[in-house]
Structure formats: C-alpha cells, structure tokens
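Below, each chain spelled out in residue letters.
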Amino acid sequence: MDSNQIRETFLDFFRSKGHRIVPSAPMVVKNDPTLMFTNAGMNQFKDLFLGNSPIRDRRVADSQKCLRVSGKHNDLEEVGLDTYHHTMFEMLGNWSLGDYFKKEAIEWSWEFLTSPDYLGLDPEHLAVSVFAGDEHAPRDEESYEHWRRMGLPEDRIFFLPKENNWWGPAGITGPCGPDTEMFLITDKEPCGPDCSPACDCGRYLEIWNDVFMEYNKQADGSYLPLEQKNVDTGMGLDRTIAVLQGAPCVYESDVFRPIITKIEALSGRKYEEGGEVQRAIRIIADHIRCAA
Ligand code: GLY
C-alpha cells in the first residue's frame, strides 16, 4: 500500500465503525494561547473534551497534519539523525467524545493492525504497553485484560510509568490521560534482560497509541476528572508507511522519496552517500515538506 491507500484504508475502517470523517485542522493554531502549532490530532477537539462546546458527533476520525518543533513535543533537533524523526507528519486518529472507551478502542486497534483486510501485521510481531499506575491514576488492569482477550501473551504486555504511558496535555494544562501503546517488534536483538518498549534500543517501534482522556491537568499540577470519558488515538502515517513498505526509514518511503530525488537532482549529491550528506538531505526534505 502507498501512503494514500493507507490513509484511505484507515478512514474507511473507522467510517464502517460509525465515525464521521473530519478534515485536518490548520497547522497554525488560532485560538489556543497554550499552543503555537498543531502538535497532535486532539488539538482541534480540545474544547469538546473539556465540555466547552456542544458535541455534534461522538465518533470522529481524521488524518491531522502535525508539527512538533516546540515545547515538550519537540523533534526538531532529532531530524536527520535517525531513521524516523521528522518535524511535520500526519497523524491518523479515531476519537470517542464521551462514547466508547477502552474495550472498543483496543478491539478496533487490534482488528485494524492484524486483519488481512486492513494492515495485516503479524500478531506475533506486536507488543503493547499499558499504564502502571501512580498517585494520579490507577494501574490500567482493564486495558491489560482487553489485550489478553485479543490473544496477546503476558510477556508482550508491558506495564510502564507515566513517563511512557501517559499522553497530554498538548500544552501546559488541559485534557490528558493514561494510554496504551502498540509496537512493532523489529529484527533487532533485545538490548538486555530488561529490554522493553521503554528503551531506545530500537527493538520496539511505536506505531499507534490509544489515549484514554479522562483527566484535565490544572496549572497547579493536579488532575481533575473530566465529565466524560474520551478516546484519542494517534497513528503516525509516515512511520506506518515505512513499516508496511518494508523501508528501513521514513525518508525512504513514498512520502519522501520524490522530494529526495529532486534534492539530489538540484544538488548533484546522492542520498546514498550517507553521513553528513544524507543527514543534510533528510533535513532539507523534512523542512521543505513542512513549509509547503
Ligand atoms: N494520540 C496522542 C498522540 O499521539 O498525539
């Protein structure tokens, strides 16, 4: 599948589950003083999560253009150094605004990832993480049980702390919650006996997260329960394409390849030269795409 087919497949799947497909919001945020650029699919739904605006559709899905160049979601300095960081990306997401919660979110994530009608990934190469619990929210036994029901063995379900398994708020305050994350297990050997999705060794590649937005973080650091329970999922389209196309790196997928070919033609240098040249070409490709 190329990038357009993957995007359409995702949206069709969630349309079939009763979601209305909405357009991507602009990348420059207009009415939120806590945020300069859209950095996540949830930004355009923030007022709906908070109960500040009436909810028209309780199930929506989209492909949101995001930019991560500031604040705690800042990937700018990483661009070009590895195979998967870039500043602008598309986030595929499905949303429950006070409708379904953990059970359906997890069942649909699993169906979309593993069914031969959709992504068809090998279940044996998938692992997940769930929230280990702390003073703000309990250990997420419910998500654990849903993953077990999907057939995941215990040793591929990792309980991880807030640092790994909590998403948001997108700015300083606002909606947030524990999440469950899905990883492709790559061919890299475990880095040690404690190798898990929490380490950077590259064995586990995150492809999707389901955030259970049920808290509102306050300026004083406390977490108040939201009136309704919501789901916010995020699948990086570019990374998913790389996985499905068997490309070792997002820059070698169909999203970036034509841009890189043009940069090579203009510069007379080759991406395959590697090293600093390859890094520079990745940075130019990322920044041009983002600006466009
Ligand atoms: N679903 C949250 C995020 O990854 O942006």
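For the structure given in this document, a descriptive report is provided here. (Residues numbered from 1 in each chain as written. Predicted model: local features only at pLDDT ≥ 70, side-chain atom pairs only at ≥ 80, totals over all residues. Heavy atoms only, no water.)

**With respect to the site of the ligand**
Note the cut-off: Working definition: residue near molecule or strand if any one of its non-hydrogen atoms lies within 4 Å of it. What qualifies as a polar contact is a pair of N or O atoms within 3.5 Å, subject to a donor-acceptor requirement within protein and to the restriction that residues adjacent in sequence count only when both atoms come from side chains. For the area figures, the Shrake-Rupley method with a 1.4 Å probe applies, and any residue is considered shielded solely by the protein chains shown. Elements are defined by DSSP. Helices are runs of H or I of four residues or more, strands are runs of E of two residues or more, and each kind is numbered from the N terminus. Three residue categories are used. Nonpolar comprises Ala, Val, Leu, Ile, Met, Phe, Trp, Tyr, Cys and Pro, charged comprises Asp, Glu, Lys and Arg, and polar comprises the others, including Gly.
Residues in contact with the ligand, as listed here, are A40, R68, M91, W167, N209, V211, D232, T233 and G234. One of the side-chain nitrogen or oxygen atoms of N209 is found 2.8 Å away from a nitrogen atom of the ligand. Compared with its free state, where it exposes 200 Å², the ligand has 96% of that area covered by protein. Elements with a contribution of two residues or more to the shell around the ligand: strand 10 (204–217) and strand 11 (223–236). The dominant element in the shell around the ligand, judged by the number of residues it contributes, is strand 11, at three residues. Taken together, the residues that form the shell around the ligand break down as four nonpolar, three polar and two charged.

**Things to note about the packing of helix 1 (residues 3–16) against helix 5 (residues 237–244)**
The condition that has to hold: With axes taken as lines fitted to C-alpha atoms, and helix axes fitted only over the stretch in contact, angles between N-to-C directions fall between 0 and 180 degrees. For this classification, under 35 degrees means roughly parallel, over 145 means roughly antiparallel, 65 to 115 means roughly perpendicular, and everything else is oblique. The crossing is said to be left-handed when, going from far helix to near helix, the turn is anticlockwise and less than a right angle, and right-handed when the turn is clockwise. Here a residue-residue contact requires only that any non-hydrogen atoms of the pair lie within 4.5 Å.
Where helix 1 contacts helix 5, the two axes come as close as 10 Å, and the packing angle between them is 115 degrees. Comparing their axes, helix 5 and helix 1 come out roughly perpendicular. Read as a crossing pair, helix 1 and helix 5 show a hand that is right-handed. Contacts between helix 1 and helix 5 involve S3, I6 and R7 from the first element and L237, T240, I241 and L244 from the second. Residues belonging to the contact of helix 1 with helix 5 are distributed by class as follows: four nonpolar, two polar and one charged.

**Points about the packing of aromatic side chains**
Two descriptors summarise a pair of aromatic rings, namely the distance from one centre to the other and the angle between the planes of the rings. Worth spelling out the cut-off: Pairing of aromatic rings covers Phe, Tyr and Trp, the last through its six-membered ring, and needs centres within 6.5 Å; plane angles under 30 degrees mean stacked, over 60 mean edge-to-face, and all others mean tilted. Only protein chains enter the accessibility calculation, which uses a 1.4 Å probe. A residue is then buried if its area is under 20% of the maximum for its type, exposed if over 50%, and partly exposed in between. Here, over-ring charges are defined by two tests on the NZ atom of lysine or the CZ atom of arginine: distance to the ring centre within 6 Å, and angle to the ring normal within 35 degrees.
Summed over all chains, the structure comprises 22 aromatic pairs. Taken together, a centroid distance of 5.4 Å and an interplanar angle of 25 degrees make the contact between Y144 and F159 stacked. Note that Y144 is positioned in helix 4 (residues 141–149) and F159 in strand 7 (residues 157–160), a separation of 15 residues in sequence. Assessed through its relative accessible area of 13%, Y144 is described here as buried. Three or more aromatic residues link up through ring pairs in this structure, and these residues are F10, F13, F14, Y100, W108, F112, Y118 and W208. Just above the ring of Y204 sits the side chain of R203; from NZ or CZ to the centre is 5.6 Å. One Lys or Arg, R257, reaches over the ring of Y271 and ends 5.3 Å from the middle of that ring.

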